[in-house]
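# Close look at the chain arrangement
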Amino acid sequence: MQRDQAQAYRRDIDGLRALAVAAIVVHHAFPAVLPGGFVGVDVFFVISGFLITRILVEARDEKRFSWGGFYLRRAGRIVPAYVLVTLVTMVLATWIEMPRLLTQTGAAASASGLFLANVLAAQSPGYFAPSVQQNPLLHLWSLGVEEQFYLVWPALIGLLSLGWLRPARTALALALLTASLALAQVLVAGGGGVAAFFHLPTRAWEFLAGGVLALGLAAPPADRRVANLAALCGLLAIAWSLVALSEASPFPGLSAVPACLGAALLVWSGQGVAPGATAILRAAPVVALGRVSYALYLWHWPLLVLAADVAQQPLTSVQRLGLVALSLGLAALTWRFVEQPLRRGPADRPWRRLGGVLLLLLGPVAAGAALFLGQGLPQRLSPDARALVRLEETDVNPARKACFERADETAPEQCRFGASPGSRGDQVLVWGDSHADAVTPGVVAWARARDWSVGEVARGGCPPLAGVRVRIFGRLDRGCEAWAARTMDRIAADRRLTLVVLAARWPLYRDAPPFYDVNSPRVAVDTVARPGVRPALSAALTATLDAIARRRPDLRVVVIGPVPELTLAPPECLAQQRQLGGPAAVCARVEAGPPLARATPAEAEIRAAVEDRPGVAAVFPSETLCLDGGCVGVIGGRPIYFDDDHLSASGARRLVPPWVDDSWRRLAAPLGKPMATAPR
């Protein structure tokens, strides 16, 4: 994103930078205004590719290229402002963020200091995922891509400038461009959009789109009319991308071509005669914005993210405008007092000076590592805030460690609750993933009123579905098929068993966005009989219910539908409000749209599977928790979740007994034995 000075200064390129950074800032502050504003990054990549390639080619052709000098100029432009903004961001984050998010910010800071932020981001659910958008250093992924490109490109330019390759260097660069674009499109079309978005090999073609112009792909326009037409087409192509693309667009394959082609046309049109169509890009205020574009890019995102974290609700338009204005002011100061002074200096002994500049990077790397290894420094919090943050450890299923975290090592007898000493078997079995473990205390509370025992069979990432395979991050097999088979054998063998409760994070197994949890896994589900084929949730649940009915036709089943996944974690939110002195009311309720958008499709599939099926009933927590346009996360001043999607033990004991009781009442009685009386 930085501004590279070539020998012949071009005001229109600074103007194009202004257009790019304005698109990004408006998109981040007001996404509905410019849904495709993220293509500003692609415009920056084209500009950077053109300017840096021109510098490299001229230096190579004139035999004055210096590796030390080149990287000293790069570091002088990038590092000082980056270090300043990153350190300020970490100081603010340490004051504002709770340990979970601060740990992630620390990891991002360290990765960014090594110019590997894009590699870290590629492990996430994607750039537009709500959990990822909570990272105040997310935007530094682009610097990682850029610097990785410039570790490779000077050497390739040197190779292509050898006498026997020099006549073909433009064609070879064009071939690399084509290969990179083709790889990006293949990955995007094949479901690898996250990798394509963040990694260098699928972004290199955007730099090369500017690079091939610097290599002489097309002679500068000599006719003003041609230059004007090219500039106008370029502006229209970028404008189309800004309004036609969105976070739902497959990107950055072919859908990124209009913006990059538009930027290339604007760069090319200004190489010869100055076209009238770009007069606005050469206007003094626009050029001034372009000069501070790098610093503005650095400042705006952390301010927007951290302000939203403080508010714990969407920022108002006035607040967003104020933050943009503050970003612009900080950018101007950074450009004047950090970028400009540190870009000047002697050119002798470049390697020694380069080492001094790079030492500055140790600041964010070390500070980030301290935050990450210190797990977000919980000791900085007040006792009340720390107790709330620790609800993830203290207000959970008391048997969580033995019966969930170490389920493979624990005998079934150790995960039976409410059973009389020496008794065998269970009347109720809870089967599912971590959400099943979370609701178990509530099922136990319901069963205790009947003097029934409860067994738990819960494994992380394994839905209560027979005949499916689950892989995390596309590779790691969770062993769910064998786990489900053992559970089905247990169901068939335990003749005392009266009720099976199925609970899971159902939307996860539909690959349903959005992902709110920073640590939300990306899972792939397929059928054992047809590897690579994702089954519909309704079909997989139907097959599982059929399998249970074949083994135990007298058994009743209750399916607990998706627990609404909130856009905040109530305990963390309350802890933050206590730490900062903010209102606790903002944590009690979130806007229902996003949680219901995630839950409703899964609910529809569950309804389809249980409809008209005797002995099976479903209950949907959203009908209790999401009313009048909001979903509650706090009742009576106490969180009913321990994070953003799991019920706390106290929340489960409060909510689950009425859910199971209502389902039990609705179940058909004649399935081989009379229905027992509901607990009072």
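What comes next concerns the included structure. Note that this is a predicted model, so its numbers are computed, not measured. (Residues numbered from 1 in each chain as written. Predicted model: local features only at pLDDT ≥ 70, side-chain atom pairs only at ≥ 80, totals over all residues. Heavy atoms only, no water.)

## Here we look at the pattern of salt bridges
As enumerated under the stated definition, the model contains 30 salt bridges in all. Where Asp-14 meets Arg-17, a salt bridge forms, and the shortest distance between an N and an O atom there is 2.8 Å. Here Asp-14 and its partner Arg-17 are both found in helix α1 (residues 11-29), three residues apart, which amounts to about one turn of the helix. The burial state of Asp-14 is the same as that of Arg-17; both residues are buried. A salt bridge links Asp-661 to Arg-665; the nearest nitrogen and oxygen atoms lie 3.6 Å apart. Of this pair, Asp-661 and Arg-665 both sit in helix α26 (residues 649-666), four residues apart, roughly one helical turn. Judged by its relative accessible area of 14%, Asp-661 falls in the buried class. Connected via shared salt-bridge partners are Arg-400, Lys-401, Glu-405 and Asp-437. (Salt bridge = Lys/Arg side-chain N within 4 Å of Asp/Glu carboxyl O. Helix = DSSP H or I, 4+ residues; strand = E, 2+ residues; numbered from the N terminus. Buried < 20%, exposed > 50% of the residue type's maximum accessible area, 1.4 Å probe, protein only.)

## Some details on the state of the cysteines
By the definition in use, this model includes four disulfides. Across the disulfide, Cys-462 is cross-linked to Cys-480 (sulfur-sulfur distance 2.0 Å). On the S-S bond that ties Cys-462 to Cys-480, the torsion sits near -85 degrees, and the link is left-handed. On the criterion of sequence distance, the pair formed by Cys-462 in the loop between β3 (454-458) and β4 (468-472) and Cys-480 in helix α21 (residues 480-493) is long-range, its members being 18 residues apart. Under the relative-accessibility criterion, Cys-462 is labelled buried at 1%. Given the relative accessible area of 2%, Cys-480 is considered buried. Through a disulfide, Cys-626 is tied to Cys-631; the S-S separation comes to 2.0 Å. Between Cys-626 and Cys-631, the S-S torsion sits near 110 degrees, and that sign places the bridge as right-handed. By relative accessible area, Cys-631 is classed as buried at 1%. Taken N- to C-terminal, the disulfide-bonded cysteines of the protein are connected 1-2, 3-4, 5-6, 7-8. (Disulfide = S-S within 2.5 Å.)

## A word on the packing of helix α20 (residues 434-448) against α26
Interhelical geometry of α20 versus α26 gives an angle of 60 degrees and a closest axis separation of 7 Å. Between α20 and α26, the crossing angle belongs to the class labelled oblique. Of the two elements, α20 crosses α26, and the hand of that crossing is right-handed. On α26, the residues that touch Ala-438, Val-439, Pro-441, Gly-442, Val-443, Ala-445 and Trp-446 of α20 are Ala-649, Ala-652, Arg-653, Val-656, Pro-657, Val-660, Asp-661 and Trp-664. Considering only residue class, the contact of α20 with α26 consists of 12 nonpolar, one polar and two charged. (Axes fitted to C-alpha atoms, helices over the stretch in contact; angles between N-to-C directions. Parallel < 35°, antiparallel > 145°, perpendicular 65-115°, else oblique. Left-handed = near helix turned anticlockwise from the far one by under 90°. Contact = heavy atoms within 4.5 Å. Nonpolar A, V, L, I, M, F, W, Y, C, P; charged D, E, K, R; others polar.)

## Regarding the sheet that holds strand β9 (residues 589-591)
With antiparallel pairing, the three strands of this open sheet are ordered in space as β9-β12-β11. If you trace the sheet from one side to the other, it starts and ends with β9 and β11 (626-627), each paired once. For β11 and strand β12 (residues 630-632), the ladder comprises two bridges, and the chain directions are antiparallel. Bridging from a neighbouring strand, Leu-627 pairs with Gly-630 of β12. Along the sheet, helix α24 (residues 593-610) contacts β9, β11 and β12; its crossing angle with β9, the most-contacted strand, is approximately 75 degrees. (Pairing = 2+ DSSP bridges.)

## Section: the sheet that holds strand β6 (residues 499-503)
The mixed open sheet is built from six strands, whose spatial order is β1-β3-β2-β6-β8-β10. Pairing within the sheet leaves two strands with one partner each, and these edge strands are β1 (416-417) and β10 (616-619).

## Remarks on the pairing of β10
Along β10, one buried face is formed by Val-616 and Ala-618 and the opposite face, lined by Ala-617 and Val-619, is buried too. Pairing of strand β8 (residues 556-560) with β10 involves four bridges; the strand directions are parallel. Looking at β10, one finds that Ile-560 is bridged to Val-619.

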